[in-house]
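# Fold and contact review
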Amino acid sequence: MAANLQAPGYSPEPSIRELYQSVRARTLEIVAPLEIEDYVIQTAEFMSPPRWHIGHTSWFFETVLQKYQSGYQTYREDFLFFFNSYYEGFGPRIERPKRGTRSRPTVAETKTYRAHIDEQMVRFIEDVSLSDDADEILRIVRLGLEHEMQHQELLVYDIKHLLCDQFAAPMKPLPEASAEVTGMVEIQGGLFELGFESTGRDAGEPQAGMPALRGFAWDNEKPLHKVWLEDFQIDRALVSVGDYLDFMNDGGYQNFRWWHSAGWEKVNTEHWQAPLYWEQHDSEWMIRDFGGLHRAIDKTDEPVSHVSFLEASAYAKWAGKRLPTEAEWEKAATCSQPNSRQNFPWGAARPDESRANLFENGLWSVAPIGAFPGGQTAQGCHQMIGDVWEWTVSDYVPYPGFKTEFDEYNDKWFVGQKVLRGGSFATPQIHIRSTYRNFFYPHERWMIAGFRCAK
Ligand SMILES: [Fe+2]
């Protein structure tokens, strides 16, 4: 397929030092409303205490300093153990479920460590920018910043699990829906080029002195490769709370025939009756979020979230539909006409607050369906970027020709997980792409995940 590529409409890029400082500052902004006790509690094996996130993201940059800064002295050996996540190559580490079992290092010590790493890193970036291997090293710095943005999103999930409506999130008011979004669109099949194009369209133009700023993508989004798609239909809207209530009221959680075996087992052993953060009060379903406790029937026009792949699949079967593959999702999001392709559902311009509900919108919540008509695709699919990560039926496996670019980062997770697309209200604007492949286990639902169906 000859792609008819549009010129990227990028705005001027910040320098890597400016990017470093703004990303690092945002992590601290997210945790600012926490009280000291909140930083160290681990409320579930899958979440991490906020103190661990702010230390771990600094540890990540300390590994860069250890490797590339000659004469760098390790800050504290015990921090290497406490703040390593899962990297075998960086030595022993505390077991994940035990991150919340220690009161030391203290929050103050962790913040001092963070400030020390920042001081070192800013100087390092200035020095390295003039060196011959600047491209390679600054690419690792950029990767560290993308890693930090992933942890910013995880912090939002984890703070929600820890405190939910007790957290004083700096929430802005929700926008109103300005378009009615119903039905499905027909997408023509054929050969489709899936993934990130390392040159041309996706990469942008290199900038002197600012390598690695444009065209960042994870190794798991590459290489671009051809896949065959049959004609398909995909929902214009995300599945809403109202849609999902219909499924529940029709006995969705009581009827084995909609469920995969693994899902039915969860329904029975963990007594699932509704998405995570839904509570029943006097036989009425309520949803708790950062804004408080709300009647589900007052939220029927919002995308459903905190559902697992197993629940999304059960809903789709009940509705006589299915989940899209990731290639179908990407084609719907990026192809405005059969032989053209663009970076985002709306075109080439980067996400902004008028097009998608991402972290910068400051909603700390999903937005009503139809609240971002400026972000729809030419064929009328809304909110493909932002609001909720969308489950696909695709297994998280390497694309043909995959080459790892950073050991143990993405490649070690290529088994047993499902791909999600599109970003959520906790994803930073600069972090998301239409080719971005997020991944979680099919039963997980503490992250901000929803879905739309295909046929
Ligand atoms: Fe990490």
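Presented here is an overview of the structure given in this document. Every value quoted in this text rests on a predicted model; they were computed, and no experiment measured them. (Residues numbered from 1 in each chain as written. Predicted model: local features only at pLDDT ≥ 70, side-chain atom pairs only at ≥ 80, totals over all residues. Heavy atoms only, no water.)

Before going further, it helps to spend a moment on the pattern of salt bridges. Per the stated rule, a full pass over the model turns up 32 salt bridges. Two residues, Lys 98 and Glu 95, come together in a salt bridge whose shortest N-O distance is 3.4 Å. The exposure class of Lys 98 is partly exposed, given its relative accessible area of 41%. Ionic pairing is found between Glu 408 and Lys 412, a salt bridge with its closest N-O pair at 2.8 Å. (Salt bridge = Lys/Arg side-chain N within 4 Å of Asp/Glu carboxyl O. Buried < 20%, exposed > 50% of the residue type's maximum accessible area, 1.4 Å probe, protein only.)

The subject of this paragraph is empty space enclosed by the protein. Considering all chains together, one arrives at three cavities of 30 Å³ or more under this definition. A volume near 190 Å³ is recorded for the second largest cavity. As for the second largest cavity, its lining consists of 20 residues, and the residues nearest its centre are Lys 160, Ile 287, Asp 289, Ser 305 and Val 366. (1 Å grid on protein atoms, 1.4 Å probe; cavity = no way out; pocket = protein on both sides within 12 Å on 5 of 7 lines; lining within 4 Å. Points joined across faces, edges and corners; volume = space filled by probe spheres on them.)

Counting residues in each nonpolar core, the largest one holds 117 residues, and the members touching the most others are Met 121, Val 141, Tyr 244, Trp 278, Trp 391 and Phe 451. Looking at this core element by element, the count peaks at 13 residues for helix 5 (residues 134-162). If you look at the next biggest cluster of nonpolar residues, it comprises five residues, including Tyr 396, Phe 414, Val 419 and Phe 439. (Core = buried A, V, L, I, M, F, W, Y, C linked by side-chain atoms within 4.5 Å. Helix = DSSP H or I, 4+ residues; strand = E, 2+ residues; numbered from the N terminus.)

One open sheet holds the four strands; their spatial order is 12-11-10-13, and the pairing between them is mixed. Each edge of the open sheet is held by one strand with a lone partner, namely strand 12 (438-440) and strand 13 (449-450). Pairing of strand 11 (residues 418-421) with strand 12, which is carried by three bridges, proceeds in the antiparallel orientation. When the bridges of strand 12 are listed, Leu 420 appears paired with Asn 438. (Pairing = 2+ DSSP bridges.)

Here we come to the sheet that holds strand 8 (residues 292-295). Across the sheet, three strands lie side by side as 6-7-8; this open sheet has antiparallel pairing. Of all the strands in the sheet, the pair left with one neighbour each is strand 6 (278-281) and strand 8. Strand-to-strand twist across the sheet, computed as the mean angle between neighbouring axes with direction ignored, equals 35°. (Axes fitted to C-alpha atoms, helices over the stretch in contact; angles between N-to-C directions.)

On to the coordination of the iron ion, then. Put simply, the ideal angle at a metal is 109.5 degrees for four donors in tetrahedral geometry and 90 or 180 degrees for six donors in octahedral geometry. Here the iron ion is held by His 56 (NE2), His 147 (NE2) and His 151 (NE2), and the distances to it run 2.2 Å. Written as a sequence motif, the donor arrangement for the iron ion is H-x90-H-x3-H. With a gap of 95 residues between them, His 56 in helix 2 (residues 50-68) and His 151 in helix 5 connect regions that are remote in the sequence. A single burial state applies to His 56 and to His 151, both of which are buried. (Donors = N, O, S within 2.8 Å, 3.2 Å for Na, K, Ca; no water.)

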